[in-house]
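Fold and contact review
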Amino acid sequence: IGITQLNSANERMKKIYDVNFYSVFTLSNVLNEESKVESSIYKIIMNSDNPTYQKQEYMNMVDSQNNFDNEYNSFRKINIDQYASKVAISIDNKIENYREKQKEVVDLAMSGKAEEAKKRFEEIEIEIGEGFRYDLNKLSSYCSSLAETIKIENEKVAQSLESLVASCIGIGLIIGIIAAIIISRNIAKPLKIAVNEMEVISKGDLSREIANKYLKRKDELGIILNNLGSIKTSLSSLIKNVKKESE
């Protein structure tokens, strides 16, 4: 049971990283790069009287667009569920058109038509941009929610595992204590009998018999008790012979 739950927890952790954590991380980068693109377009529009600055911001915009594409393509390679795929397809259908419209705005601004570019930029944002960002945020929120759900499930499994391990440790300790008591009694009592027998022999009393159940033991204590029995028999025979000869 413990191994099954542990494997289940590992699978959940893998899913958190592969499908949820990584997707959330990637979409966060996507949103960040898209914000940079919009910021660069706005700066290009507002600095139509500074071509050098516009060119620098244009390069920044292109870099951000490339970064966006790389991050978004990484996300699209993840094995996402049906709902996330549906939202992603909606984004796919908007990207190319949105980029073309953004290019129109940039061309207007860099040709000195700042007011026309600004107006066109506002139109494009209403027409495509708002829906595009809405889909991106919706996809990011959905993946974050999934990651949180799986995280909670994994924490529950981890708590179950902790309880299971604690129970196993407790049962193991109880079994160990019982086993120790049994072993101790099984060894201590025959050993005590062996010590008592030696004390009796040392006092010259050879009449006491060792219980048969101890003599039948196959361990070292059984051997000791059998040897003590043999000693007693030998001593008893020796004393009898001495008495017989003295008579």
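The structure under discussion appears in the preceding block.
These remarks concern the structure in this document. Positions within a chain are numbered from 1, following the residues in the order the chain's sequence is written. In keeping with the predicted nature of the model, local features appear solely for residues at pLDDT of at least 70, side-chain atom pairs appear and are counted solely at 80 or more, and the whole-chain, interface and lining totals rest on all residues. In computing side-chain values, all of the structure's heavy atoms are included and hydrogens and water are not.

**Observations regarding the nonpolar core**
Our working rule: Grouping buried Ala, Val, Leu, Ile, Met, Phe, Trp, Tyr and Cys residues that are joined through side-chain atoms within 4.5 Å yields what is termed a nonpolar core. Classification of residues uses two cut-offs on accessible area relative to the type maximum, computed with a 1.4 Å probe and protein chains only: under 20% is buried, over 50% is exposed, and between them is partly exposed. Secondary structure elements follow DSSP: runs of H or I no shorter than four residues count as helices, runs of E no shorter than two count as strands, and numbering proceeds from the N terminus. The contact criterion used is simple: two residues touch if any of their non-hydrogen atoms lie within 4.5 Å.
Of all hydrophobic cores here, the largest spans 30 residues; its most connected members are Ile 41, Tyr 72, Phe 75, Ile 91 and Leu 139. Those elements giving two or more residues to this core turn out to be helix 1 (2-46), helix 2 (51-76), helix 3 (82-110) and helix 4 (114-202). It is helix 3 that provides the largest number of residues to this core, a total of 10 residues. When residues no more than four places from it in sequence are discounted, the contact partners of Tyr 72 are Val 30, Ala 88, Ile 91, Asp 92 and Ile 95. Formed by 6 residues, the second largest nonpolar core is a distinct cluster that contains Ile 193, Ala 194, Ile 210 and Leu 225.

**Considerations on the packing of aromatic side chains**
Condition: Any two of the Phe, Tyr and Trp rings considered here, Trp counted by its six-membered ring, make a pair once their centres fall within 6.5 Å; the pair's planes then place it as stacked at under 30 degrees, edge-to-face at over 60, or tilted in between. Lysine and arginine charges are scored as sitting over a ring when NZ or CZ, respectively, is within 6 Å of the ring centre and within 35 degrees of the ring normal.
Following the criterion strictly, the structure yields 5 aromatic pairs and no others. The structure contains a cluster of three or more aromatic residues connected by ring pairs, namely Phe 68, Tyr 72, Phe 75, Tyr 98 and Phe 132. In this structure, Arg 99 packs its charged tip against the face of Phe 68, placed 4.8 Å from the ring centre.

**Some points on helix 3**
It helps to recall that an α-helix has 3.6 residues per turn; residues three or four apart then point in one direction. Put simply, the rule reads: Given a helix with a known number of residues, its expected span is that number minus one, times 1.5 Å. Consider a residue and the seven residues that end there alongside the seven that start there; fitting an axis to each set, the bend is the angle between those axes. Side-chain atoms alone can form a polar contact between residues adjacent in sequence; in general such a contact is a pair of N or O atoms within 3.5 Å, and within protein one must be able to donate a hydrogen while the other accepts it.
Between its first and last C-alpha, helix 3 extends 42 Å over 29 residues, near the 42 Å set by a 1.5 Å rise per residue. Approximately 30° is the largest bend angle found in helix 3, and it occurs at Ile 95. The opening residue of helix 3, the one whose side-chain oxygen lies 3.3 Å from the backbone nitrogen of Tyr 83, is Asp 81.

**Here we look at the side chain of Ser 140**
Looking at the element boundaries, Ser 140 is found in helix 4. Sequence-distant contacts of Ser 140, defined by excluding residues within four places in its chain, comprise Leu 27 and Leu 31.

**Let's talk about a nonpolar patch on the surface**
Filter applied, for reference: Here a patch means residues that are over 30% exposed by relative accessible area and free of salt bridges, tied together within 9 Å if like-charged and within 5 Å if nonpolar (Val, Leu, Ile, Met, Phe, Trp, Tyr). What sets the accessible areas is the Shrake-Rupley method with a 1.4 Å probe; for residues, cover comes only from the shown protein chains. One side-chain nitrogen of Lys or Arg within 4 Å of one carboxyl oxygen of Asp or Glu is enough to make a salt bridge.
Residues Val 165, Ile 169, Leu 173, Ile 177 and Ile 181 make up a contiguous nonpolar surface patch of about 470 Å² in total accessible area. You can see Leu 173 is positioned in helix 4. Relative accessible area serves as the criterion here: at 56%, Leu 173 is assigned to the exposed category.

**A look at the pattern of salt bridges**
All told, the structure shown has 9 salt bridges when counted by the stated rule. Between Asp 135 and Lys 94 there is a salt bridge whose closest N-O contact spans 2.8 Å. Of this pair, Asp 135 sits in helix 4 while Lys 94 is found in helix 3, placing the two residues 41 residues apart along the sequence. Judged by relative accessible area, which is 6%, Asp 135 ranks as buried. Judged by its relative accessible area of 23%, Lys 94 is partly exposed. A salt bridge links Arg 120 to Glu 123, with the nearest nitrogen and oxygen atoms 3.2 Å apart. One end of the pair is Arg 120 and the other is Glu 123, both in helix 4 and 3 residues apart, which spans about a single turn. The partly exposed category is assigned to Glu 123, whose relative accessible area is 38%.

Everything listed here is a matter of coordinates, which is why it stays silent on function.
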